[in-house]
Amino acid sequence: MDEEIKLYGNVIFKYCFGILCDYHEAQDAVQETFAKAYFSQSKLKSQESFKAWLYKIAYNVCMNILRKRRRYFSDADDTIAARANASDSPFIDPDLTEALLVLSPQDRALFYSRAVDGTDYEELSKLYGVRAATLRKRYERAKTKLKNFLTERSVSN
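The shown structure was predicted, so the numbers you read here are calculated from the model rather than taken from an experiment.

A.B. asks: Before we move on, could you go through the overall build of the chain and cite the residues and values that matter?
C.D. replies: Tallying secondary structure elements over the chain gives eight helices and zero strands in all. Walking the chain from its N terminus toward its C terminus, one meets helices and strands in the order α-α-α-α-α-α-α-α. Residue burial in the chain is summarised as follows: out of 157 residues, 42% are buried. Of the contacts made within the chain by residues no fewer than 6 positions apart, 65% connect residues no fewer than 24 positions apart. Counting only carbon and sulfur atoms, one obtains 50% of the accessible surface of the chain, whose full area is about 9200 Å².

A.B. asks: Now, about helix H7 (residues 121-128): what can you tell me, with residues and values included?
C.D. replies: Every α-helix carries 3.6 residues per turn, so stepping three or four residues along brings you back to the same face. Within H7, burial applies to Tyr121, Leu124, Ser125, Leu127 and Tyr128. Seen from one end, H7 has its buried residues packed into an arc of 165°, which puts them on one side. Near the N-terminus of H7, the side chain that reaches the backbone nitrogen of Glu122, with its oxygen 3.2 Å away, is that of Asp120. Count one or two residues on from H7 and you reach Gly129, which has phi positive near 70°.

A.B. asks: Can you lay out the nonpolar core for me, pointing to particular residues and giving the numbers?
C.D. replies: By size, the foremost hydrophobic cluster in this structure holds 45 residues, and its most contacted members are Ile12, Tyr15, Cys16, Ile19 and Tyr128. If you list the elements that add at least two residues to this core, you get helix H1 (2-20), helix H2 (23-39), helix H3 (50-72), helix H5 (94-100), helix H6 (105-116), H7 and helix H8 (132-156). Top contributing element to this core by residue count: H3, with 12 residues. Those residues in contact with Tyr128, other than ones at most four positions away along the chain, are Tyr15, Tyr59, Ala109, Leu110, Ser113 and Leu135.

A.B. asks: Outline the pattern of salt bridges, supporting the account with residue identities and numerical values.
C.D. replies: Tallied over the entire structure, the rule returns five salt bridges. Where Arg69 meets Glu25, a salt bridge forms, and the shortest distance between an N and an O atom there is 2.2 Å. Here the residue Arg69 occupies a position in helix H3, and Glu25 occupies one in helix H2, the gap between them amounting to 44 residues. Across the salt bridge formed by Glu140 and Lys143, the nearest N and O atoms sit 3.7 Å from each other. Of this pair, Glu140 and Lys143 are both found in helix H8, three residues apart, which corresponds to roughly one turn of the helix.

A.B. asks: Could you give me a rundown of the packing of H1 against H2, with the residues and numbers involved?
C.D. replies: Packing of H1 against H2 leaves a shortest axis separation of 8 Å and a crossing angle of 135°. In terms of orientation, H1 and H2 fall into the oblique class. As H1 runs across H2, the sense of the crossing is right-handed. The segment H1 lies against H2, with Glu4, Ile5, Tyr8, Gly9, Ile12, Phe13, Cys16, Phe17 and Leu20 engaging Tyr23, Glu25, Ala26, Gln27, Ala29, Val30, Thr33 and Phe34. Along the lines of polarity and charge, the residues of the contact of H1 with H2 split into 12 nonpolar, three polar and two charged.

A.B. asks: Outline the packing of H6 against H8, supporting the account with residue identities and numerical values.
C.D. replies: Packed helices, taken two at a time, are described by the angle their axes make and the gap between the axes. At a closest axis distance of 10 Å, the pairing of H6 and H8 adopts a crossing angle of 95°. The angle between H6 and H8 places the two elements in the roughly perpendicular class. For the pair H6 and H8, the contacting residues are Gln106, Asp107, Leu110, Phe111, Arg114 and Ala115 in the first and Leu135, Arg138, Tyr139, Ala142, Lys143 and Leu146 in the second. Residues that form the contact of H6 with H8 fall into these classes: seven nonpolar, one polar and four charged.

A.B. asks: Describe in detail the environment of Tyr55, supporting the description with residues and values.
C.D. replies: Its place among the elements puts Tyr55 in helix H3. For Tyr55 and Cys16, which are 39 residues apart along the polypeptide, the C-alpha to C-alpha distance reads 9.2 Å. Setting aside its immediate chain neighbours within four residues, Tyr55 contacts Val11, Ile12, Tyr15, Asp117 and Leu127.

A.B. asks: An account of the environment of Leu20 is requested, with residue identities and associated values reported.
C.D. replies: Locating Leu20 in the fold gives a position in helix H1. Take Leu20: its relative accessible area is 0%, and that puts it in the buried class. Residues Leu20 and Ala109 lie 89 residues apart in sequence; the distance between their C-alpha atoms is 9.1 Å.

Thresholds, definitions, all that
- Residues numbered from 1 in each chain as written.
- Predicted model: local features only at pLDDT ≥ 70, side-chain atom pairs only at ≥ 80, totals over all residues.
- Heavy atoms only, no water.
- Helix = DSSP H or I, 4+ residues; strand = E, 2+ residues; numbered from the N terminus.
- Buried < 20%, exposed > 50% of the residue type's maximum accessible area, 1.4 Å probe, protein only.
- Contact = heavy atoms within 4.5 Å.
- Areas by Shrake-Rupley, 256 points an atom, 1.4 Å probe, with all protein chains shown as cover.
- Arc of directions from axis to C-beta.
- Polar contact = N/O pair within 3.5 Å; in protein donor to acceptor, adjacent residues only side chain to side chain.
- Core = buried A, V, L, I, M, F, W, Y, C linked by side-chain atoms within 4.5 Å.
- Salt bridge = Lys/Arg side-chain N within 4 Å of Asp/Glu carboxyl O.
- Axes fitted to C-alpha atoms, helices over the stretch in contact; angles between N-to-C directions.
- Parallel < 35°, antiparallel > 145°, perpendicular 65-115°, else oblique.
- Left-handed = near helix turned anticlockwise from the far one by under 90°.
- Nonpolar A, V, L, I, M, F, W, Y, C, P; charged D, E, K, R; others polar.

Shown next as structure tokens:
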């Protein structure tokens with residue numbers, strides 16, 4: 001598992017950060033992802049790629065973290081906390097993090113997978129259990145939301 005951590009640790013961290021918009025929670029999510037992967041290696045199907053399987057675990061871990069977060073914070077508190085913790089990230093601009101917060105966590109995950117990783121819709125379909133055509137439409141809507149937010153922000157500044 002050490003080699004897999006070296007190979008995928010950074011990309012899984014960025015993926016988790018893209019969903020959670022919180023540096024420290026993303027670190028926790030990566031640790032939990034690799035722990036779950038280690039203890040459930042026998043569940044990996046031979047036809048499934050390790051990377052896709054790891055992303056599926058990371059996605060579920062992130063969704064669980066967000067569910068727990070919502071139990072303790074209102075949506076407004078959640079957004080404020082994410083903005084504050086975004087400044088801890090060494091690789092993503094806090095303004096971009098703020099823009100990502102206009103998307104739902106599911107759309108942030110999709111946007112990251114498609115825009116940053118370049119994952120094709122067929123693989124995303126397997127990962128999220130949703131038809132590729134549906135994901136295409138969701139991705140286009142997410143891009144439009146981000147574009148509108150960034151345009152409005154630049155006009156108001």
